[in-house]
Amino acid sequence: MSAVKTERPTVDPELLAERRMLLKGNHAVSYGVMRCRPEVIAMYPITPQTPIVEKIADLQLSGELDAEIMTAESEHSAMSACITASLTGVRVFTATASQGLFLMHEMLHYASGARVPIVMACVNRTLGSPWGFWPDQTDTLAQRDTGWIQIYTESGQESLDTIIMAYKVAEQCLLPAIVAHEAFYVSHALEPVTVPSQENVDAYLPPFNPIHRLDTGLKESWGNVINQEMFYRHRKDMDASMMTVPGLLQAADEEYAARFGRGYGGVLEKYRCEDADIAIVGFGAMCGTAREAVDKMRAAGEKVGLVKIRLYRPFPIGAVQEAVAGIPRLVVMERNYSPGAGGFLHQELKAALYGMADPPLVHGYLAGVGGVNVSDDRMVELTHKALAEQPVPESIWV
Amino acid sequence: MAETKKNYQIPEEDIFLSGHAACPGCGEALAVRYVVNTMGEDTIAVVPPSCIAIISGPQPYSSMKIPVYQTTLEASAASAAGIKRALIRQGKGDTNVLALAGDGGTYDIGFQALSGAAERNEDIVYVCLDNEGYMNTGAQKSGASPHLVYTAFTPGGKPTTKKNIPEIMASHGIPYVATATTGFPDDLARKVAKARDMKGGLRFIVVLTPCLAGWGVKDNEGVKVSRLAVDTGLWPLYEVENGVKYTINRGPQGIPVSEYLKTQGRYKHLTPEMIEQIQRETDEAWELLQARASCVAEVAGAAR
C-alpha cells in the first residue's frame, strides 16, 4: 500500500535505455511488463510462473517499476482485484499457471464480460490429477471459451515483445489477453533478450484511459442484473470486438516490427512453406524444434514447412485458410489433450478449413502431451508417418 | 453501559433512494440506507450476489447515487481492494471503497478473500449485512445461522452454532471491528461514520438485519426483533479497535431469549429444553465477551 511505500530510489537512466540481457523466459516477461507501466499488479505464487512476479517485486524494490502490488491470498482474489482495478481505469497485470488458472476460471468469464483489458502471462503446466510440473498447454487452451484473447509464444524474447503488443491490442478492443509460454522449455530457459527502451515502448503504447470506469464523478455502475435482450446484445457486442482482434494483432505486430526491429508475423508465421508437400502446424515452444526439423528435411530435399499459430483465440480462420491454401497435407503436433476430443489445435484447424475449396488433409498427433520431449528427429519421423498414411478424424496417440 | 438515545437526528446524505426492490419492512434496506447515506457521495460500493444486489436495482436502474460494482459471491473483499489500489494510483485515495456483502458472502464463501484483505489491511470499509442465512435463495443455512434454527437446509434445526465473526475479524488485528443492528440506527450510523473517518486499513462492521420472510417475522416487527436481539444478549453491540481495545455499547437488559425467539417462525419448533439451552449459551457468550474485553484491556495495559 502506498501508505507504507518507502521513498523510491532514482532510476539510473541507463536502465531506461534499450538493454541486452541474459534472461530466463519468465524474467523476460517481467521486463516486458515493467516497460508497459502497469499501475496495479496482483500476484500469487505457482510453479512455474512464480519467477515472473518475484522479479516484478524485485523491480519494484529497486525502483525500476512503480505499481501497487497486491499479494493476494489466491489466484481467484488476484483476478478479482485485477478486474476492478482495470474497471477503475488503470493498467493491470497478473500471471498464473495450471491449477491457479483454473481457480481463476469463474473470474476469467467475469473479466471479459466487464470488458477489462487485463494482460495475464500464463506458463503452461500439466493439470492435476495426478500432479506434474511439465509443459502442457491444456490449462490455457481449456480457457478458450472465457472471452480472453490467447497468444502463444516460443521464446522469452517473443514473450516479452508479445506482452507489449497484447496491451496494445487488448486496450483497443477492451478484451483481456493471455500470453502463454510453456513450463521450463521457455519459462526457465536462459537466452539473450533485448529489453526495449522505455521511451520507445511509451511511444508504442499510449496510456490506458477508458471513458467508462468506476468513478464517483461519473457514477457509472457495472454488473447489475440485466434482461435477456440486454444479455444478447452484450454478447453480440463482445463477439464484434473479438472479431477485430486478428486485424489488431496483425497491425500491432507490424508496427512493433517497424519500431523495434522484431516481428512475429502477427497472428501466425509461415516458415519455409514454399511448394511444401506437407506442413507441420503447432504453437508454442514446439515450433522452435519444428524449425530444426523442417531445416533437416529441406536439406534432405523434402518439401516440408511449418505453420506456427500465435493467435488461438479468436482463431484467425481467414489467415489460416490463406496460409495453408495449396499445401496438400498438414500435420498437427500437440502438447495438449482434451479427453473425448483430442488435440485442441487439431479440432480447431479442421473446423477452420470448413468450406475451403480443395482443403488440405489434416493429421492430428498427440505427440507432446505431458511435456514428453518431441525432438527434431521425432518430428521428422512423425512427418514421414503422416506422408505415408491417410488421416483420420480423431487425434492419434503416437 | 451506553444507552442509545431515544430522540436522535442521524445526519444523512441522500444516496440510497426510494423505489428500490426490497420487500416491505426489510431490515437490510434499512441498514443499507444508514450505511451508504453515512458513507456519502465520495464512495464506490462493491456488492456480491445477495439481497443487496437485488435492492441495488436491475440495469439500467440503480437505487444508489454512487457507482456500484456487482462482483461474484466470494470476491467482495478482493474486488474492493482492487478498486482502492487503482484509486491510490489515480491520486484519489481519499475516495471510500465500501463492500456490502451478506452473511453467506462473508462468513462462508467470501471469508478467504476477506481474511486475505484483512491480513493485507486493505483500506476498505467492509459491511456484512447478516440475516443469518442465504435468504435471497430461500433461507438456507449459512455459517451465520444460529444454533437450532430452522433453515431450508436444516429443517430439523441447525446442529452447530453461529460463527463468531466479530472475534474472528478482531483477531486479524485490523483497525476496527463493530457489531450493529437496524433497531439501533444511531449506533449503526455512528459506527459507519467512525469506520469511514478512520481511513487506512480494513474496517469491518457486521450488522444484524432481520429478514422478515426468511425469519418468519411480522411485516411491522423487524425493528422490534432487532432490538430484542440486543436486549436479550444474543447480539451485543460492541467495538474492537486494533484487535485489543474493546468498547461494549449495549449488552443484555435482563430480558430472556424466549422473548426474542417467540417473535420468529424459524424458532417455532423449539422445545422448552432447547430454549433453555439457547439461554445458557447466550449467557455464557456474554460472560466470555466481557471477560475477553477486560482481559485484553489488562494485557494491553500491562504491555504499556
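Residues numbered from 1 in each chain as written. Chains lettered and ligands numbered in written order. Predicted model: local features only at pLDDT ≥ 70, side-chain atom pairs only at ≥ 80, totals over all residues. Heavy atoms only, no water.

Quick look at the overall build of chain A
A count of helices and strands for chain A gives 14 helices and 15 strands. The C-alpha atoms of chain A give a radius of gyration of 21 Å, which matches the 21 Å a tight globule of 398 residues would have. Taking the principal axes of its C-alpha atoms as reference, chain A extends roughly 65 × 55 × 45 Å. Residues counted as buried form 60% of the 398 residues belonging to chain A. Taking all contacts inside chain A whose residues are at least 6 apart in sequence as the whole, residues at least 24 apart take part in 81%. Accessible area of chain A: about 15,300 Å², with a carbon and sulfur share of 55%. (Helix = DSSP H or I, 4+ residues; strand = E, 2+ residues; numbered from the N terminus. Rg over C-alpha atoms; globule rule 2.2 N^0.38 Å. Buried < 20%, exposed > 50% of the residue type's maximum accessible area, 1.4 Å probe, protein only. Contact = heavy atoms within 4.5 Å. Areas by Shrake-Rupley, 256 points an atom, 1.4 Å probe, with all protein chains shown as cover.)

Quick look at the overall build of chain B
A tally of regular secondary structure across chain B gives eleven helices and eight strands. Over its C-alpha trace chain B gives a radius of gyration of 18 Å, about what one expects of a compact globule, namely 19 Å for 304 residues. Counting only C-alpha atoms, chain B reaches 60 × 55 × 40 Å along its principal axes. By the burial criterion, 59% of the 304 residues in chain B qualify as buried. Counting only contacts in chain B whose residues sit at least 6 apart along the sequence, the fraction spanning at least 24 positions is 70%.

As for the domain arrangement of chain A
Where interface size is given, it is often the accessible area lost as the parts come together that is meant. Residues and elements named next belong to chain A. The domain boundaries assigned to chain A delineate domain 1 (15–258) and domain 2 (270–397). For domain 1 and domain 2, the distance between their C-alpha centres works out to 27 Å. At the junction of the two partners, domain 1 supplies 29 residues and domain 2 supplies 27 residues. On the surface where domain 1 and domain 2 come into contact, there are six salt bridges. As a salt-bridge pair, arginine 335 and glutamate 182 come within 2.6 Å of each other at their nearest N and O atoms. On the surface where domain 1 and domain 2 come into contact, there are 18 residue pairs in polar contact (both at pLDDT 80 or more). Only helix H6 (138–141), strand S6 (149–152), helix H7 (156–173) and helix H10 (245–260) provide two or more residues apiece to the side of domain 1 that touches domain 2. Residue composition of the side of domain 1 that touches domain 2, grouped by class: 16 nonpolar, six polar and seven charged. (Domains from an automatic or database assignment. Salt bridge = Lys/Arg side-chain N within 4 Å of Asp/Glu carboxyl O. Polar contact = N/O pair within 3.5 Å; in protein donor to acceptor, adjacent residues only side chain to side chain. Nonpolar A, V, L, I, M, F, W, Y, C, P; charged D, E, K, R; others polar.)

Quick notes on the layout of surface pockets
As a volume, the largest pocket reaches approximately 930 Å³. Lining the largest pocket are 30 residues; nearest its centre among them are Gly113, Ala114, Arg115, Trp222 and His234 of chain A. For the lining of the largest pocket, the secondary structure elements donating two or more residues are helix H4 (75–88), helix H5 (98–113) and helix H9 (228–242) of chain A. Classifying every residue of the lining of the largest pocket by side-chain character gives 14 nonpolar, nine polar and seven charged. Lys162, Leu234, Glu281, Thr282 and Ala285 of chain B are the residues nearest the centre of the second largest pocket, which is lined by 29 residues in total. The set of elements that each furnish at least two residues to the lining of the second largest pocket consists of helix H6 (165–170), helix H10 (257–261) and helix H11 (272–303) of chain B. It is H11 of chain B that provides the largest number of residues to the lining of the second largest pocket, a total of eight residues. Split by residue class, the lining of the second largest pocket holds 17 nonpolar, six polar and six charged. (1 Å grid on protein atoms, 1.4 Å probe; cavity = no way out; pocket = protein on both sides within 12 Å on 5 of 7 lines; lining within 4 Å. Points joined across faces, edges and corners; volume = space filled by probe spheres on them.)

Thoughts on the packing of aromatic side chains
What characterises a pair of aromatic rings is the spacing of the ring centres plus the angle enclosed by the ring planes. Residues and elements named next belong to chain A. Enumeration according to the criterion identifies 13 aromatic pairs over all chains in this entry. Ring geometry for phenylalanine 133 against tryptophan 134: centres 5.8 Å apart, planes inclined by 90°, an arrangement best described as edge-to-face. Overall, tryptophan 134 belongs to the partly exposed group, its relative accessible area being 46%. Cluster of aromatic residues (ring-pair linked, three or more members): Tyr152, Phe283, Tyr312 and Phe315. Over the ring of tyrosine 167 we find arginine 91, and its NZ or CZ is 5.5 Å from the ring centre. (Phe/Tyr/Trp six-rings, centres within 6.5 Å; stacked < 30°, edge-to-face > 60°. Lys NZ or Arg CZ within 6 Å of the ring centre and 35° of its normal.)

Observations regarding the interface of chain A and chain B
Each side of the interface is counted separately: chain A has 40 residues, and chain B has 38 residues. With both chains or domains summed, chain A and chain B bury close to 3,200 Å², and 56% of this area falls on carbon and sulfur atoms. At the surface where chain A touches chain B, the tally comes to six salt bridges. Arginine 120 of chain B is the salt-bridge partner of glutamate 73 of chain A, the closest N and O atoms lying 3.3 Å from each other. Counting across the interface, chain A meets chain B through 21 residue pairs in polar contact (both at pLDDT 80 or more). Going through the elements one at a time, strand S3 (68–71), H4 and H5 of chain A are the ones with two or more residues in the side of chain A that touches chain B. When residues of the side of chain A that touches chain B are assigned to their parent elements, the largest contribution, nine residues, is made by H4 of chain A. Counted by class, the side of chain A that touches chain B contains 18 nonpolar, 13 polar and nine charged residues. (Buried area = accessible area lost by both parts, 1.4 Å probe.)

Some thoughts on the environment of proline 11 of chain B
Residue and element names in this part refer to chain B. Among the structural elements, proline 11 can be located in the segment before helix H1 (27–39). Overall, the relative accessible area of 69% leaves proline 11 in the exposed class. A C-alpha to C-alpha distance of 8.3 Å links proline 11 and asparagine 37, two positions 26 residues apart in sequence.

What to know about helix H12 (residues 317–324) of chain A
Residues and elements named next belong to chain A. Turning to H12, its buried residues are Val320, Ala323 and Val324. Buried residues along H12 cover an arc of 85° about the axis, so they all sit on one side. Of the exposed residues in H12, those oriented more than 90 degrees away from the buried face are Gly318 and Glu322. Where the residues of H12 are buried, they touch strand S9 (268–271), strand S11 (304–309), strand S13 (329–333) and helix H13 (344–352). Backbone geometry just after H12 places glycine 326 at a positive phi near 90°. (Arc of directions from axis to C-beta.)

Remarks on the sheet that holds strand S7 (residues 177–182) of chain A
Residues and elements named next belong to chain A. With respect to topology, seven strands assemble into an open sheet ordered S3-S2-S4-S5-S7-S6-S12, the strand pairing being mixed. Sheet topology places S3 and strand S12 (311–313) at the edges, where each strand pairs with a single neighbour. The average angle at which neighbouring strand axes cross in this sheet is 20°, direction not considered. In this sheet, S12 lies alongside S6 in antiparallel orientation, the contact comprising two bridges. Directly across from isoleucine 151, in S12, lies its bridge partner leucine 311. Running at roughly 165° to S7, H7 makes contact with strand S4 (92–96), strand S5 (119–124), S6 and S7 of the sheet. (Pairing = 2+ DSSP bridges. Axes fitted to C-alpha atoms, helices over the stretch in contact; angles between N-to-C directions.)

Things to note about the side chain of threonine 154 of chain B
Residues and elements named next belong to chain B. Along the chain, threonine 154 falls in the loop between strand S4 (125–130) and H6. In terms of polar contacts, threonine 154 uses its side chain to reach the side chain of threonine 151, at 2.6 Å. Once you skip the residues sitting within four places of it in the chain, threonine 154 turns out to touch Lys141, Val149 and Pro159.

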